[in-house]
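# An overview of the molecular structure
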Amino acid sequence: MSPLRWDVLTVGLVLALPVLALYLRGDFTIDEVVARLPWCLLAGWGAVALLRWAATPQGRPADRHTRPTKPVPDEDPTPVA
């Protein structure tokens, strides 16, 4: 999964809002903000990866590779009226 997907960037931006707010308030310098922003992107990537993994339906491996069953050769596939 690419770290530059729109959902990863959105979550990273949401996680970066407190860092940006602390900069605007004067608690962080620009160097501290620039050092913390990549961590926000990394945390966003991890959160989206975890949510995608949890939302993916997990099937049994045997179900994925089964072939459709064919009718038995001595049976007539057409219904009798």
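## Remarks on the nonpolar core
In terms of nonpolar packing, the biggest core is built from five residues, these being Ala-16, Val-19, Phe-28, Val-33 and Cys-40. Where this core is concerned, the elements lending two or more residues are helix H1 (6–25) and helix H2 (30–55). Once residues lying within four places of it in the same chain are set aside, the contact partners of Ala-16 are Leu-37 and Cys-40.

## Observations concerning the side chain of Asp-7
Topologically, Asp-7 is positioned in helix H1. In terms of polar contacts, Asp-7 uses its side chain to reach the side chain of Arg-52, at 3.2 Å. Leaving out residues up to four positions away in the same chain, Asp-7 has contacts with Val-48 and Arg-52.

## A closer look at the UniProt feature "transmembrane region" (unreviewed entry) in the protein
Following the UniProt record, one finds the feature "transmembrane region" (unreviewed entry) at residues 37–55. In residues 37–55, the share of helix is 100% and the share of strand is 0%. The end C-alpha atoms are 27 Å apart.

## Side note on H1
Here H1 spans 28 Å end to end across 20 residues, near enough to the 28 Å set by a 1.5 Å rise per residue. Of all the bends found along H1, the most pronounced is centred on Ala-16 and spans about 35 degrees, while Pro-18, a proline, follows it within four residues. Looking only at H1, the buried set comprises Asp-7, Val-8, Gly-12, Ala-16 and Val-19. Contacts made by the buried residues of H1 are with H2. Looking at the residues trailing H1, positive phi occurs at Gly-26, about 100 degrees.

## Comments concerning the packing of H1 against H2
Axis separation between H1 and H2 bottoms out at 7 Å; the angle between their running directions is 145 degrees. As for how H1 packs across H2, the hand of that crossing is right-handed. On H2, the residues that touch Asp-7, Val-8, Leu-9, Val-11, Gly-12, Leu-15, Ala-16, Val-19, Leu-20 and Tyr-23 of H1 are Ile-30, Val-33, Arg-36, Leu-37, Cys-40, Leu-41, Ala-43, Gly-44, Trp-45, Ala-47, Val-48 and Arg-52. The residue inventory of the contact of H1 with H2, partitioned by class, reads 17 nonpolar, two polar and three charged.

## Focus on the pattern of salt bridges
Applying the stated rule across the entire model yields two salt bridges. Between Asp-27 and Arg-25 there is a salt bridge; the shortest N-O distance is 2.7 Å.

## Topic: a nonpolar patch on the surface
Residues Leu-13, Val-14, Leu-17, Leu-20 and Leu-37 make up a contiguous nonpolar surface patch of about 410 Å² in total accessible area. A per-element tally of the nonpolar patch places H1 first, with four residues.

Criteria and thresholds
Residues numbered from 1 in each chain as written. Predicted model: local features only at pLDDT ≥ 70, side-chain atom pairs only at ≥ 80, totals over all residues. Heavy atoms only, no water. Core = buried A, V, L, I, M, F, W, Y, C linked by side-chain atoms within 4.5 Å. Buried < 20%, exposed > 50% of the residue type's maximum accessible area, 1.4 Å probe, protein only. Helix = DSSP H or I, 4+ residues; strand = E, 2+ residues; numbered from the N terminus. Contact = heavy atoms within 4.5 Å. Polar contact = N/O pair within 3.5 Å; in protein donor to acceptor, adjacent residues only side chain to side chain. UniProt positions renumbered as here; feature names shortened; annotations may be inferred. Expected span 1.5 Å × (residues − 1). Bend = angle between axes of the 7 residues up to and from the residue. Axes fitted to C-alpha atoms, helices over the stretch in contact; angles between N-to-C directions. Left-handed = near helix turned anticlockwise from the far one by under 90°. Nonpolar A, V, L, I, M, F, W, Y, C, P; charged D, E, K, R; others polar. Salt bridge = Lys/Arg side-chain N within 4 Å of Asp/Glu carboxyl O. Patch = residues over 30% accessible without salt bridge, like charges linked within 9 Å, V, L, I, M, F, W, Y side chains within 5 Å. Areas by Shrake-Rupley, 256 points an atom, 1.4 Å probe, with all protein chains shown as cover.

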